[in-house]
Amino acid sequence: MEKKKAAGMGESTGVSKSKAKREARRKQVRKEKREANAARITGMAVMAVIVLGILLVVGKQVYILAIRTTPGTDYSAALTDDGRIADADMAAMVNLADYKNIAVPEDEVAATAEEVEEEIGSTLESYKEMGTDEQMVIADGDEVNIDFVGTVDGVEFDGGNSGGAGYDLTIGSGTFVDDFEEQLIGHKPGDEVTVEVTFPDDYDEEMAGKDAVFAVTVNGIMVTPELTDAFVAENLVDTENVSTAAEYRAKVEDTFYQEHLKEYLTSYVLENSTVNTYPDKYVRATKSVMKNSDQNSGMEMEDEIAYEEELTQRAEEAVKEAMVYQAVFEDAGLSFDADAYYSEQVEAMGEEYAETYGAGYLAQGEIKQMAIDYLTGLYQ
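Before going into details, it helps to say that this report is about the structure given with it. (Residues numbered from 1 in each chain as written. Predicted model: local features only at pLDDT ≥ 70, side-chain atom pairs only at ≥ 80, totals over all residues. Heavy atoms only, no water.)

Thoughts on the side chain of D294
Thought 1: Inspection of the secondary structure assignment puts D294 in helix α8 (residues 280-296).
Thought 2: Among residues more than four places away in sequence, those in contact with D294 are M299, M301, Y307, L311 and R314. (Helix = DSSP H or I, 4+ residues; strand = E, 2+ residues; numbered from the N terminus. Contact = heavy atoms within 4.5 Å.)

So, the packing of α8 against helix α9 (residues 304-331)
Thought 1: The interhelical angle for the contact between α8 and α9, taken along N-to-C directions, is 120 degrees, at an axis separation of 9 Å. By the criterion of interaxial angle, the relationship of α8 to α9 is oblique. Judged by the sense of rotation from one axis to the other, the crossing of α8 with α9 is right-handed. Contact residues: α8 offers Y282, V283, T286, K287, M290, K291 and D294, while α9 offers E304, Y307, E308, L311, T312, R314, A315, E316, A318, V319 and A322.
Thought 2: Counted by class, the contact of α8 with α9 contains nine nonpolar, two polar and seven charged residues. (Axes fitted to C-alpha atoms, helices over the stretch in contact; angles between N-to-C directions. Parallel < 35°, antiparallel > 145°, perpendicular 65-115°, else oblique. Left-handed = near helix turned anticlockwise from the far one by under 90°. Nonpolar A, V, L, I, M, F, W, Y, C, P; charged D, E, K, R; others polar.)

A look at the packing of aromatic side chains
Thought 1: Enumeration over the complete set of coordinates arrives at 18 aromatic pairs.
Thought 2: Both rings, one in F180 and one in F214, keep their centres 5.1 Å apart while their planes meet at 85 degrees; by these two values the pair is edge-to-face. Linking F180 in the loop between β5 (167-170) and β6 (192-198) with F214 in strand β7 (residues 211-223), this pair joins segments that are 34 residues apart in sequence.
Thought 3: Relative to Y361, the ring of Y357 has its centre 5.3 Å away and its plane inclined at 20 degrees; by these criteria the two rings are stacked. Taken together, the positions of Y357 and Y361, both in helix α11 (residues 351-377) and four residues apart, correspond to about one turn of that helix.
Thought 4: Among the residues examined, Y361 registers a relative accessible area of 33% and is labelled partly exposed.
Thought 5: Taken together, F148, F157, Y167, F176, F180, F199, Y203 and F214 form an aromatic cluster joined through their ring pairs. (Phe/Tyr/Trp six-rings, centres within 6.5 Å; stacked < 30°, edge-to-face > 60°. Buried < 20%, exposed > 50% of the residue type's maximum accessible area, 1.4 Å probe, protein only.)

Comments concerning the environment of E226
Thought 1: Position of E226 among the secondary structure elements: in the loop between β7 and α5 (229-235).
Thought 2: Taking the C-alpha atoms as reference points, E226 and Y127, separated by 99 residues in sequence, lie 9.9 Å from one another.
Thought 3: Excluding anything up to four places from it in sequence, E226 contacts L124 and F231.

Brief notes about helix α4 (residues 113-125)
Since the α-helix turns once every 3.6 residues, residues separated by three or four places project in the same direction.
Thought 1: With 13 residues, α4 ought to run about 18 Å at 1.5 Å a step, and its terminal C-alpha atoms sit 18 Å apart, in line with that.
Thought 2: The set of residues buried in α4 consists of E115, V116, I120, T123 and L124.
Thought 3: If you follow the buried residues of α4, they end up packed against α5 and α7 (245-272). (Expected span 1.5 Å × (residues − 1).)

Things to note about the nonpolar core
Thought 1: In terms of nonpolar packing, the biggest core is built from 33 residues, with I85, M90, V104, L265, V269, M323 and Y379 touching the most fellow members.
Thought 2: A total of 10 residues in this core trace back to one element, the largest contributor, which is α9.
Thought 3: Judged by nonpolar contacts, the second largest core, of 22 residues, contains F176, V197, M207 and V218. (Core = buried A, V, L, I, M, F, W, Y, C linked by side-chain atoms within 4.5 Å.)

A look at α9
Thought 1: Taking 1.5 Å of rise per residue, the 28 residues of α9 would be expected to cover 40 Å, and the 40 Å separating its terminal C-alpha atoms lies within 8% of that figure.
Thought 2: One side-chain oxygen of the residue at the start of α9 lies 3.3 Å from the amide nitrogen of I305, identifying that residue as D303.
Thought 3: One or two steps after α9, the chain reaches G333, where phi turns positive at roughly 70 degrees. (Polar contact = N/O pair within 3.5 Å; in protein donor to acceptor, adjacent residues only side chain to side chain.)

A short note on the packing of α4 against α7
Thought 1: Packing of α4 against α7 leaves a shortest axis separation of 10 Å and a crossing angle of 125 degrees. Taken together, α4 and α7 sit at an angle that is classed as oblique. In this structure, α4 crosses over α7, and the sense of that crossing is right-handed. Across the interface between the two elements, E115, V116, E117, E119, I120 and T123 from α4 touch Y248, R249, V252, E253, F256 and H260 from α7.

Let's talk about the environment of V232
Thought 1: Turning to its location among the elements, V232 is positioned in helix α5.
Thought 2: Residues V232 and S243 lie 11 residues apart in sequence; the distance between their C-alpha atoms is 6.1 Å.
Thought 3: Not counting chain neighbours up to four residues away, the residues in contact with V232 comprise L227, V237, V242, S243, T244, A245 and Y248.

Describing the pattern of salt bridges
Thought 1: Following the criterion strictly, the structure yields 11 salt bridges and no others.
Thought 2: Where R84 meets D82, a salt bridge forms, and the shortest distance between an N and an O atom there is 3.3 Å.
Thought 3: Between E330 and R84 there is a salt bridge; the shortest N-O distance is 2.7 Å. Here E330, found in helix α9, pairs with R84, found in the loop between α1 (2-67) and α2 (90-93); they are 246 residues apart in sequence, far enough to count as distant.
Thought 4: Note on R84: relative accessible area 27%, which makes it partly exposed.
Thought 5: One network of salt bridges, in which partners are shared, links D82, R84 and E330. (Salt bridge = Lys/Arg side-chain N within 4 Å of Asp/Glu carboxyl O.)

The quantities given are spatial measurements derived from coordinates; they are silent on function.
Structure below.
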């Protein structure tokens, strides 16, 4: 009995081990399946990322191809020969500012004293002459005309001789080395002056650090005339159509006033007009010409998407300007002979110029100018 029992117990123990092995095997199989599934899922995820990346790259390239502007040189594309934007109704596409009732701030458009004096000074400067009156004395800031011969140890050196041609020098400009210019202060036309200088150590290899002597002849001092009636009568009657100093000053003031007025009015109308709809064909044509110009100027276009967005913005600004001026032109009932104008441009600028830009582009320029002149004339 005990042997049976023992045997029975042995059997029972054997079955238990077998089951344990089978269970362990099932667990191993399940583990391997989980790992295989995980690997498969990971692989699918990686593949999905790769595919997504490819799609993004391909999609970006497709997008770039879709928005890429083709550079061109047809300035008159999408324009009619009389300078208008083709197939575009300005009355419907532009909300035009009330250009006939602009409150112009006089203080903003009036000429400033600084710009008037600068312009008059520039005119007078263009009529300056060399004075040789021996009573004149060189002062700091004066422009003088001199001749000179430079020597080192009594020997002339290259570039140290004016050759009697006369040299215009502004005292205090630092054009010459050391204190050359300052040594001329106090001298008069006709004076022979000995000027001693030392070339700086960083001068060219031949002259660096050397002492030099210049024999200088003061030929004269440049004199700028004053704005007087006599000066105007002698120099400005024909060119400026004025006869007195007061008339010339008034003309300068009015010139700046007109410039400021035009700038204010055109800026106001452009800023206060809005575009409802842009003419697509003309925008594309404008972008094409702009891109061609950018490429010719060597503009960097590394980020093509960003460039195209910026190009579109620039083109729309230019197109808006053209639309607004055309709207003013049409609203005011202005007109001109486009054929005759084109012929004038051919005669004035040459046939090649006219053909390069085309009749439409040239006529559009005239539309803009006529619109600006009309606008400015409303406030004069």
